[in-house]
Amino acid sequence: MLKRFHSDKIDAIISKSDLCIRTIEMHTGGEPLRVVTDGYPQILGNSVLEKRAYCKTHLDHLRKFLMYEPRGHSDMYGCLIVEPNDEGADFGIIFMHNEGYSTMCGHATIAIAKLAVQLEWVEKKTIDTKVVIDAPCGRLIAFVDHELKVRFQNVPSFVFLKNQVIHDKIYGNITFDIAYGGAFYAIMESKQFNIEIVPENIQAFIQCTKKIKQKINENLVISHPFEQDLSFLYGCIFVEASNNENIHSRNICVFADGEVDRSPTGSGVSARIALHMAKNEVELNQEIIIESVIESQFKVKAIERVYFGPYQAYIPEVSGEAFITGRNEFIIEKEDLIKEGFLLK
């Protein structure tokens, strides 16, 4: 018979470890979020973008520690809470994944806004609690209602390039658009590849994305109007029509190093609503529902027209639900030879 669990024994092991990082585990629409709450070294920088750069240069071994196996996996996602750019925001956030540090993440924004209310990082209001977050891409404004459901207003989102074509030996000519929703995405119809957006086809979409990103990076220059650090193609979004009349469409987003979003992708649907507006396919304040490869849903609408540098842009509002799944204490024992983690794909 197993002996009774003794928490003091575990505490003793943890106290002797070289490192202990505490996290809260969440998901939004099935997409994981590992929120670091304690144990990270000081992150230097005068802005969230500078702090992101500091993490890339000085603390990337801790990203691997948290995102990689055996503590994580190739599709793990996480975030760090940091000081905001100024007193106008409640806090700042740095996003991380299997390849590095993204500039924007909608599913993480939804989750962290809810968590901020639950943990009383912000004062809870009777109706909607406003949570202001500085992300690498800019300032995000979230609202958490009395049922802890979240909507957030993203940074100005716009179409960068329309009706682009690349050629592939297998799939022939591939038509796509590039739009920005806090990160740049190549957006295309999945029917060009004769691949249905279902979980069984995830590997096929990963392989398509690798080819497409390589060809786009070889032939096009992605340029943000203000920040060089934001000027790169983050992922590919494949879209198909839905058989459900209440759902506008289904999409799958493959980003970073072949990472597949289980949610509809908050920055991705922001880019998509800007594209739909530019093509006159939806109207201002017309809300649509987009579902993911696992049929989780985000609602999105464009609530305002703005100019962003030379671009006609739109302020998207994205709605979704997030949930806490647990908490962790991650440690390194001195004898562990693979302490910084690894990835198998």
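Our structure is the block above this text.
Quick summary incoming for the structure in this document.

About the thresholds
- Residues numbered from 1 in each chain as written.
- Predicted model: local features only at pLDDT ≥ 70, side-chain atom pairs only at ≥ 80, totals over all residues.
- Heavy atoms only, no water.
- Helix = DSSP H or I, 4+ residues; strand = E, 2+ residues; numbered from the N terminus.
- Rg over C-alpha atoms; globule rule 2.2 N^0.38 Å.
- Buried < 20%, exposed > 50% of the residue type's maximum accessible area, 1.4 Å probe, protein only.
- Contact = heavy atoms within 4.5 Å.
- Lys, Arg positive; Asp, Glu negative; His and termini not counted.
- Salt bridge = Lys/Arg side-chain N within 4 Å of Asp/Glu carboxyl O.
- Phe/Tyr/Trp six-rings, centres within 6.5 Å; stacked < 30°, edge-to-face > 60°.
- Core = buried A, V, L, I, M, F, W, Y, C linked by side-chain atoms within 4.5 Å.
- Polar contact = N/O pair within 3.5 Å; in protein donor to acceptor, adjacent residues only side chain to side chain.

What follows deals with the overall build of the protein. Helices and strands together make up the secondary structure of the protein, namely 6 helices and 17 strands. For 345 residues, the compact-globule estimate of 2.2 N^0.38 gives 20 Å, and the C-alpha radius of gyration of the protein, at 20 Å, lies within 12% of that figure. Taking the principal axes of the C-alpha coordinates as reference, the protein spans close to 60 × 50 × 40 Å. Within the protein, buried positions represent 55% of all 345 residues. Counting only contacts in the protein whose residues sit at least 6 apart along the sequence, the fraction spanning at least 24 positions is 63%.

Tracing the sequence through the fold places K213 in helix α5 (residues 202–219). Buried and unpaired, K213 has no salt bridge, with E99 as the nearest side chain of opposite charge at 4.9 Å. Residue contacts for K213: discarding those within four places in its chain leaves L233, Y234, C236 and A256.

Let us now look at the environment of I247. In this fold, I247 is placed in the loop between β11 (233–241) and β12 (249–255). With 43 residues separating them along the chain, I247 and I290 place their C-alpha atoms 6.1 Å apart.

Turning next to the packing of aromatic side chains. Scanning all chains against the criterion turns up 16 aromatic pairs. Measuring from centroid to centroid gives 5.7 Å for F91 and W121, while their planes differ by 85°, and the two rings are edge-to-face. With F91 in strand β4 (residues 91–96) and W121 in the loop between α4 (106–118) and β5 (129–135), this pair connects stretches of sequence that are 30 residues apart. Judged by its relative accessible area of 5%, F91 is buried. Aromatic pair Y171 and F193: ring centres 5.0 Å apart, planes at 75°, arrangement edge-to-face. Remark: F193 occurs in the loop between β10 (184–189) and α5 and Y171 occurs in the loop between β8 (157–168) and β9 (172–180); sequence separation between them is 22 residues.

Quick look at the nonpolar core now. Core analysis: the largest hydrophobic core is formed by 90 residues, its most contacted members being V131, M188, I212 and F238. Top element by residues in this core is α4. It accounts for 8 residues. Within the second largest apolar cluster, 21 residues are counted, among which are L66, L80, I94 and Y101.

Moving on, we get to the side chain of S270. Relative to the elements of secondary structure, S270 occurs in helix α6 (residues 266–278). In terms of polar contacts, S270 uses its side chain to reach the backbone carbonyl oxygen of G266, at 2.8 Å. Setting aside anything within four residues of it in sequence, one finds S270 in contact with N154, S157, G181, P316 and V318.

A separate point is the pattern of salt bridges. Applying the stated rule across the entire model yields 17 salt bridges. Note that R22 is salt-bridged to D38, the shortest N-O span being 2.9 Å. Note that R22 is positioned in strand β1 (residues 19–28) and D38 in strand β2 (residues 31–38), a separation of 16 residues in sequence. Assessed through its relative accessible area of 32%, R22 is described here as partly exposed. The partner of E147 in a salt bridge is K149, and the shortest N-O contact between them spans 3.7 Å. A single salt-bridge network, built from bridges that share partners, covers D128, R151, K301 and E317.

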